[in-house]
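Observations on chain architecture
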Amino acid sequence: MSPLSLEEAMRAPRIAIEATEPAVDDGRYAAKAIIGQPVEVSSKIFADGHDQLAAVVCWRQKGEQNWRRARLKLITNDLWQGHFTPTQVGPHEFRIEAWWDLWETYRYELSKKHAAGVPVQLELEEGRLHLERAVQRAQGETRAVLEDIMHRLASSHLDDERVSVMLAGETAAAMADADAREHCSASHVFPLEVERPLAQFASWYELFPRSETDSPERHGTLRDVIKRLPAIRDMGFDVLYFPPIHPIGRKHRKGPNNSLEAGPNDPGSPYAIGSEAGGHEAVHPELGTVDDFRALVSAAADHGLEIALDFAIQCSQDHPWLEQHPGWFSWRPDGTIRYAENPPKKYQDIVNVDFYAEDAMPDLWIALRDVVQGWVDLGVKVFRVDNPHTKPLPFWQWLIADIRSRDPDVMFLAEAFTRPAMMARLGKVGFNQSYTYFTWRNTKAELTEYFTELNEPPLRYCYRPNFFVNTPDINPFFLHSSGRPGFLIRAALATMGSGLWGMYSGFELCESAPLPGKEEYLDSEKYQIRPRDYRAPGNIIAEIAQLNRIRRQNPALQTHLGFKAYTAWNDNILFFGKRTPDRSNFILIAVNLDPHNAQEAHFELPLWELGLPDDAHTHGEDLMNGHRWSWYGKTQWTRLEPWNLPFGIWRWTIPAVEQNG
C-alpha cells in the first residue's frame, strides 16, 4: 500500500471494513446466490478507541438507484454478520457500511456508571441533548416516538426512572432510525449473481435421442424421446440433456469404437457437427425438424422437465462455415486443415475454430453467440458446454453475460475436467455449474477432503459442483467390476453429496463393459445406435427414484453446502451429515465404499451440533424404507451389506420432549 499524504490521511475512513464475504477475489468476480434464499454476509469491522459501532449490509439489483439495508450484528472479535434475501434473478451488488454508534456508546457508558452507583446527572443531560438533536433529524413515526420519550423524561424527577427511559429498547430503536451515522465508512461494492433454484438443485439425465429406438437399424427421433419422458420424470429427474442434435459430417466419420473407417450406415459421432443440412443452428435430419424439437420442449415442460443442449464449439470437415468462413479456422502449411487432437487421442472428424484469427474477430464470436440465442428463442434455458477450458475465458465472460442480460434464467454447465484453478475460473466468469473430480474420488479420505473443499471459500462462492456418476466419455474404473452395489454406492454419494448430480443413460442398468484397460465404454454410444431394455433385470431404477424423492423432501440435500464429515471407526465407511443452517433438517449418511463385502462400524452422532449432552435421546428414520427408531447416547453401530443396500440415509431429529425441555 502506498503512503498517504497528510490531506489523504485526514480524509481517510477511521473504520476498517475487511474480509467481507461472500466475495470472489475480493469482488473482482460475482459470488453466486439463489433467488429467495438468504445471502449470509460477514465482515471484520473495527476502529480506533472503544466507541460502539453499527453496521448494515446494503444491496440492490444492478441498475437500481436505491439501496436496501439490513442491520449486521456483532458476533465476536470484530466479526459482524447478517443477511439479506434477493427476490429477483440477475446481477446484484452489495456493500457494507459502518459508523460510530453514538447512542449505543452513550447507553453502554450510562449503564456501567449507573450500575456502579456513580452519580449520572451529567450523563442524563448529555442523553437529553442526544435526543434533542435526533428529534430535529427524525421524521414521521420516528420523530413522534422520540418526542414522546422527551416528554416522559421531562415529566420524571427521579434519576432511576430517567435512566430506565434512556436504556429502554424502544429508545434504542428510535435512535437507530434517527442515527446521524457519524464517521460512516463504506466498503467497495461486491458483485453478486442471483440465479434460479435449478442452478443449485437439479437432477440431470443424459441420453442420445438416436438410441430411442427398438432396433439399431432404425435411427431414433425427437418424437421417440417424447415417449420416454414419463419414465425419466418418474425417476425424479428434472433436466433432460442431449449430446449435440445437429447434422453430422461425413468426411472422416468415425466408425464403431472410434475406428477410422465408418460403414455407409454408421451414424458417426454427434460431436462432428455440420453437413450440407446445416451447422450448429440446425437439427440432424434423421432426428426430425425444428418443429419436432419445439414439440419435445413443450412435452418435456408438461412433465416438469427442462431440455439441456450440448454447446460444442467444433465442426466436422463438412460444416458450412469451412466454405463460408475459411478464415475462422487454422490451416497447416501444406494447405490442409488442422484437426483436433488431445494426445494420444486424435479427432480426425472434427476441426476447431480459431477465436483470435484476424477474420474471426468479432464475426465468429457473434456467430457463436447467435447460435446460443437461437436455441434460447426455441425454449432452451440450459446448456452443457463441451470443453470450455479449451476456449478463451474472455469469450465466455462476454457470451454468458450477453445471453443472460436478455434472459437471466439461462444457465451454463461447464464440462471441464481440468486443473483446479481453471475450473474455478470458469465459475468466476459466469458458468453456473461444473463437472467435477467427484468421478475419480473413491476412498474415504479422498471423498472427505473433496466434499470439504467444495464447502469452503473460495469454491463455495464461485463453483457449483454437478456430480455426474458417468458420462459417454467416462466409464469409471470403480464401476468396471463392482457390480450393482458399486452403482448404488456412486448414486448415493452423488445424490447426497451435492444438490446437483447427473447420470448418463445405461447407469440405471449398471452398464459397465469397458474397452480393456480404459475408462471408456465398449461399443460406445458415441459412434453407434444402442437401443436399451430399461426393464432389464438387475436395474436400479427404483433406488434412483427414491434417492431423488429423498432429495426433494429434504432441503439439506438441495445443495452441496452443509456437508460435515463425522467419525466412523472403519475406513471403508464414509459417515457424514448434510444440514440446513438452522439444523431443522439434519440428514446423516453412511456409505459402505466396499462393493464386495459387508462393513460395520461404531460411529458418533454429532450431538454437540444440536447442543445436546453425550447421553441424549434422539430419533432416526431410514429414508429408503421408512423404518424409525430411537438412539440413546453418542456412540452407535451400523452394518452395511452390498447385497442389500450399501448405504444408510437417516433423518435425525430430537424428540419433542427434549426440544421443549
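Residues numbered from 1 in each chain as written. Predicted model: local features only at pLDDT ≥ 70, side-chain atom pairs only at ≥ 80, totals over all residues. Heavy atoms only, no water.

This brings us to the overall build of the chain. Secondary structure summary: the chain contains 18 helices and 28 strands in total. Looking at the chain as a whole, 56% of its 661 residues are labelled buried. Accessible surface computed for the chain: about 29400 Å², of which carbon and sulfur atoms make up 50%. Distance between charge centres in the chain, computed from 69 positive and 90 negative side chains, equals 1 Å. (Helix = DSSP H or I, 4+ residues; strand = E, 2+ residues; numbered from the N terminus. Buried < 20%, exposed > 50% of the residue type's maximum accessible area, 1.4 Å probe, protein only. Areas by Shrake-Rupley, 256 points an atom, 1.4 Å probe, with all protein chains shown as cover. Lys, Arg positive; Asp, Glu negative; His and termini not counted. Charge placed at Lys NZ, Arg CZ, Asp CG, Glu CD.)

This brings us to the UniProt feature "domain: Glycosyl hydrolase family 13 catalytic" (unreviewed entry) in the chain. Under the UniProt annotation, the feature "domain: Glycosyl hydrolase family 13 catalytic" (unreviewed entry) is placed at residues 206-551. Helix and strand shares over residues 206-551 are 33% and 12% respectively, and the end C-alpha atoms of the span are 19 Å apart. (UniProt positions renumbered as here; feature names shortened; annotations may be inferred.)

Attention shifts here to the domain arrangement of the chain. Domains assigned within the chain are domain 1 (1-101 + 184-194), domain 2 (102-178), domain 3 (195-215 + 227-277 + 301-557) and domain 4 (563-653). For domain 2 and domain 3, the distance between their C-alpha centroids amounts to 64 Å. (Domains from an automatic or database assignment.)

This next bit is on the UniProt feature "active site" (unreviewed entry) in the chain. Summarizing the sequence annotation, UniProt attributes the feature "active site" (unreviewed entry) to Asp-386 and Glu-415 in the numbering used throughout. Spanning 30 residues, the named residues nonetheless gather at one spot, since no C-alpha pair among them exceeds 5.4 Å. Once residues lying within four places of it in the same chain are set aside, the contact partners of Asp-386 are Tyr-271, Asp-310, Phe-311, Ala-312, Gln-314, Lys-391 and Glu-415. Examined against the element boundaries, Glu-415 turns out to sit in strand β17 (residues 411-415). The residues touching Glu-415, leaving out its near neighbours within four places in the chain, are Arg-384, Val-385, Asp-386, Asn-387, Pro-388, His-389, Tyr-435 and Asp-473. (Contact = heavy atoms within 4.5 Å.)

Strand order in the open sheet formed by 6 strands is β21-β22-β23-β28-β25-β26, and the pairing between neighbours is antiparallel. Each edge of the open sheet carries a strand with a single partner, namely β21 (563-565) and β26 (628-632). Strand-to-strand twist in this sheet, taken as the mean axis angle between neighbours without regard to direction, amounts to 30°. Across 4 bridges, the pairing between strand β25 (residues 617-622) and strand β28 (residues 647-653) is antiparallel. Directly across from Asp-622, in β28, lies its bridge partner Trp-650. (Pairing = 2+ DSSP bridges. Axes fitted to C-alpha atoms, helices over the stretch in contact; angles between N-to-C directions.)

This part covers helix α13 (residues 444-454). Here α13 has its buried residues at Lys-444, Leu-447, Tyr-450, Phe-451 and Leu-454. For α13, the angular spread of the buried residues around the axis is 145°, confining them to a single face. Across from the buried face of α13, at angles greater than 90 degrees, the exposed residues are Ala-445 and Glu-449. (Arc of directions from axis to C-beta.)

For the rest of this paragraph, the subject is the pattern of salt bridges. Scanning all chains against the criterion turns up 46 salt bridges. The closest approach of N and O atoms between Arg-128 and Glu-125, which form a salt bridge, is 2.8 Å. Of this pair, Arg-128 and Glu-125 both sit in helix α3 (residues 121-137), 3 residues apart, which is roughly one turn of that helix. Its relative accessible area of 28% is what places Arg-128 among the partly exposed residues. By relative accessible area, Glu-125 is classed as partly exposed at 31%. Residue Asp-386 is joined to Arg-384 by a salt bridge in which the shortest nitrogen-to-oxygen separation is 2.9 Å. Note on accessibility: Asp-386 and Arg-384 belong to one class, buried. Overlapping salt bridges bring together Arg-69, Arg-95, Glu-97 and Arg-181 as one network. (Salt bridge = Lys/Arg side-chain N within 4 Å of Asp/Glu carboxyl O.)

Moving on, we get to the packing of helix α2 (residues 102-115) against helix α5 (residues 159-167). Packed helices, taken two at a time, are described by the angle their axes make and the gap between the axes. At their nearest, the axes of α2 and α5 sit 10 Å apart, and the two run at 145° to each other. Remark: the crossing between α2 and α5 carries left-handed chirality. Contacts between α2 and α5 involve Trp-103, Tyr-106, Arg-107, Leu-110, Ser-111 and His-114 on the former and, on the latter, Asp-160, Val-163, Met-166 and Leu-167. (Left-handed = near helix turned anticlockwise from the far one by under 90°.)

Taken together, the 4 strands give an open sheet; going across it, the order is β1-β3-β7-β6, and neighbouring strands pair in antiparallel fashion. Among the strands making up the open sheet, the edge pair consists of β1 (15-21) and β6 (73-76). Between one strand and the next, the sheet's axes are offset by a mean angle of 35°, whatever the strand orientation. Bridge count between β1 and strand β3 (residues 39-47): 5 bridges; the pairing is antiparallel. Across the sheet, residue Ile-17 finds its bridge partner in β3, namely Ile-45.

This paragraph deals with the side chain of Arg-464. Secondary-structure assignment places Arg-464 in the loop between α14 (459-462) and β19 (466-468). A distance of 3.4 Å separates the side chain of Arg-464 from the backbone oxygen of Ala-33, its partner in a polar contact. Polar contacts involving the side chain of Arg-464 include one to the side chain of Glu-195, which spans 2.2 Å. In contact with Arg-464, not counting residues within four places along its chain, are Lys-32, Ala-33, Ile-34, Glu-195, Ala-199, Gln-200, Asn-432, Gln-433, Ser-434, Leu-500 and His-560. (Polar contact = N/O pair within 3.5 Å; in protein donor to acceptor, adjacent residues only side chain to side chain.)

Time to look at α5. Here α5 has its buried residues at Val-163, Val-165 and Met-166. Viewed end-on, α5 has its buried residues packed into an arc of 160°, placing them on one side of the element. Buried positions along α5 lie against α2, α3, α4 (140-155) and α6 (169-177).

Relative to the helices and strands, His-92 is located in strand β8 (residues 90-100). Among the polar contacts made by the side chain of His-92, one reaches the main-chain carbonyl oxygen of Gly-90 at a distance of 2.9 Å. The residues contacting His-92, other than those within four sequence positions of it, are Arg-60, Gln-61, Lys-62, Pro-86, Phe-190, Pro-191, Leu-192 and Val-194.

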